[in-house]
Amino acid sequence: MDIPPLAGKIAALSLGALPWSYALNHVSALSHPLGLALMSALILGLLFVAIYSLSPGEIYYDPLYAVFAVFAFTSVVDLLIALQEDGYAVGFMEFFTKEGEPYLRTAHGVFICYWDGTVHYLLYLAMAGAIHRRKRYRNLGLYWLGSFIMSILVFLPGNILGKYSSEIRPAFFLAIPYVLVLCWAGTRVFSQSQAPTCCTPDVVQEEQRKGILRRPVDLALVIYLTLAAFFTLFRGLVVLDCPTDACFVYIYQYEPYLQDPVAYPKVQMLVYMFYVLPFFGLAAYALIFPGCSWLPDWALVFAGAVGQAQFSHMGASMHVRTPFTYRVPDDAWACFFGCNLLYALGPHLLAFRCLWWPAFFLRPPPGHLDRHKKDQ
């Protein structure tokens, strides 16, 4: 997969978030939640107008260029929020975390800001650079799509259901256009043409003749998916207050963060159980039976989703903003870190395997199959 060069114009524009946030932090009118929400919407609107005036050709070629440019700006804002909450920056976004979205001051909020300000930011620059040079960015888009969807699926319900439910301010409703834009962007990313493959019909047919035992990498992935599915189901039962001794021991001795009243870890485990668990089963099926052409795309989506989720979950489990009683115990740290790291790496290895050698998942041309039957 070719990684396009980053978009320098978007990078320069996004860095404008630094003086903007510093100046707005000293505007007394923003001490009112409604004024803050209106000012945020106005800034995003002005930013869109500026992007359109600077890059009309790119937006005409692909409207997602404007979306990535605006989101790159907000990614810098999120990074400033995370750095400020951890004490590495002062005087930038204090007004927003106090009057706009106070739940961003939680450990989970800090780590989704770190992810958005680093991983998402680089993805936005790369995808905008690809649009500028008229190149494909489908694979990067699918990874970003899964990551962004997972962050929303956990963060928004967690805000409503957790202990910060009474702290919801008007700025929370700015998430509605984000969700709508995400749905539209997802349809555009999926509708893009796939990169051509170098696999010939003969290579595809030869690869698909091999059983799972003749494909050791796929066999290892199937074993991983099976174990990860059991682990996903187990943690889902834990947050549902399963009365078994194993669940009791796990939640008190290994992952007490699952009991944190902020509700993000509980929502995360339920999202895993209802969405990621079925994917693990379908992916194992696709690794055993050939011709499942949907797996490479969805492997990228779920790699992004699990990567974002595990980064936020692992970081929040050990962060100082999480109450001490809910942090990972010192004697269980190695087990917790190892299991969760493997859980995060597995989907990425699956996506890499699908992209590196996709022959097993391709459908041979019908004409080639007919010729093969005649030759037999």
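A quick note: this is a predicted structure, and the numbers were derived from the prediction, not measured.

Looking only at helices and strands, the chain features 16 helices and zero strands. Relative to a compact globule of 376 residues, whose C-alpha radius of gyration would be 21 Å, the chain shows 23 Å and is just as compact. Overall, the chain is about 80 × 60 × 30 Å in size when its C-alpha atoms are taken along their principal axes. Within the chain, the fraction of its 376 residues that count as buried is 52%.

This part covers the nonpolar core. Across soluble globular proteins, nonpolar side chains have a tendency to be buried as a group. Trp144, Leu295 and Leu350 are the most contacted members of the largest nonpolar core, which totals 107 residues. The element best represented in this core is helix H7 (residues 107–132), accounting for 16 residues. Of the domains in this structure, domain 1 (8–191) and domain 2 (201–361) are the two that each give at least three residues to this core. Residues within four places of Leu295 in sequence aside, it is in contact with Phe279, Ala283, Ala286, Leu287, Leu350, Cys354 and Phe361.

Glancing now at the packing of helix H5 (residues 64–85) against helix H9 (residues 175–191). Look at H5 against H9: their axes get within 11 Å of each other, and the N-to-C directions meet at 135 degrees. Relative to H9, H5 is oriented oblique. For the crossing formed where H5 meets H9, the hand is left-handed. Contact with H5, carried on its side by Leu64, Val67, Phe71 and Thr74, involves Tyr178, Val181, Trp184, Ala185, Arg188 and Val189 of H9 and no other residues of that element. The class makeup of the residues in the contact of H5 with H9 is eight nonpolar, one polar and one charged.

According to UniProt, the positions carrying the feature "transmembrane region" (unreviewed entry) are residues 33–52, 64–83, 103–128, 140–162, 168–187, 219–240 and 269–288. As annotated, residues 64–83 comprises 100% helix and 0% strand, and the C-alpha atoms at either end are separated by 28 Å. A helix fraction of 95% and a strand fraction of 0% characterise residues 219–240, whose end C-alpha atoms lie 32 Å from each other.

The subject of this paragraph is the UniProt feature "domain: EXPERA" (unreviewed entry) in the chain. Following the UniProt record, one finds the feature "domain: EXPERA" (unreviewed entry) at residues 61–186 and 217–351. Within residues 61–186, the helical portion is 72% and the strand portion 0%, while the C-alpha atoms at the span's ends are 17 Å from each other. Across residues 217–351, the secondary structure splits into 74% helix and 0% strand, with the terminal C-alpha atoms separated by 13 Å.

A few words on the domain arrangement of the chain. Taken domain by domain, the chain comprises domain 1 (8–191) and domain 2 (201–361). With centres defined by C-alpha atoms, the gap from domain 1 to domain 2 works out at 27 Å. Residue-level contacts link 31 residues of domain 1 with 29 residues of domain 2. Carbon and sulfur atoms supply 71% of the area that domain 1 and domain 2 bury against each other, a total of about 2,600 Å² over both sides. On the domain 1 side of the contact with domain 2, Phe111, Tyr143 and Met150 bury the most area, a combined 24% of that side's loss. Between the two partners, domain 1 and domain 2, sit two salt bridges. Of the charged contacts, one joins Arg138 and Asp297 as a salt bridge, the two residues approaching to 2.7 Å between their closest N and O atoms. In this assembly, domain 1 and domain 2 are joined by seven residue pairs in polar contact (both at pLDDT 80 or more). When contributions to the side of domain 1 that touches domain 2 are tallied by element, the ones reaching two or more residues are H7 and helix H8 (138–161). Sort the elements by how many residues they give to the side of domain 1 that touches domain 2 and H8 lands first, with 15 residues.

Conventions used here
- Residues numbered from 1 in each chain as written.
- Predicted model: local features only at pLDDT ≥ 70, side-chain atom pairs only at ≥ 80, totals over all residues.
- Heavy atoms only, no water.
- Helix = DSSP H or I, 4+ residues; strand = E, 2+ residues; numbered from the N terminus.
- Rg over C-alpha atoms; globule rule 2.2 N^0.38 Å.
- Buried < 20%, exposed > 50% of the residue type's maximum accessible area, 1.4 Å probe, protein only.
- Core = buried A, V, L, I, M, F, W, Y, C linked by side-chain atoms within 4.5 Å.
- Domains from an automatic or database assignment.
- Contact = heavy atoms within 4.5 Å.
- Axes fitted to C-alpha atoms, helices over the stretch in contact; angles between N-to-C directions.
- Parallel < 35°, antiparallel > 145°, perpendicular 65-115°, else oblique.
- Left-handed = near helix turned anticlockwise from the far one by under 90°.
- Nonpolar A, V, L, I, M, F, W, Y, C, P; charged D, E, K, R; others polar.
- UniProt positions renumbered as here; feature names shortened; annotations may be inferred.
- Buried area = accessible area lost by both parts, 1.4 Å probe.
- Salt bridge = Lys/Arg side-chain N within 4 Å of Asp/Glu carboxyl O.
- Polar contact = N/O pair within 3.5 Å; in protein donor to acceptor, adjacent residues only side chain to side chain.

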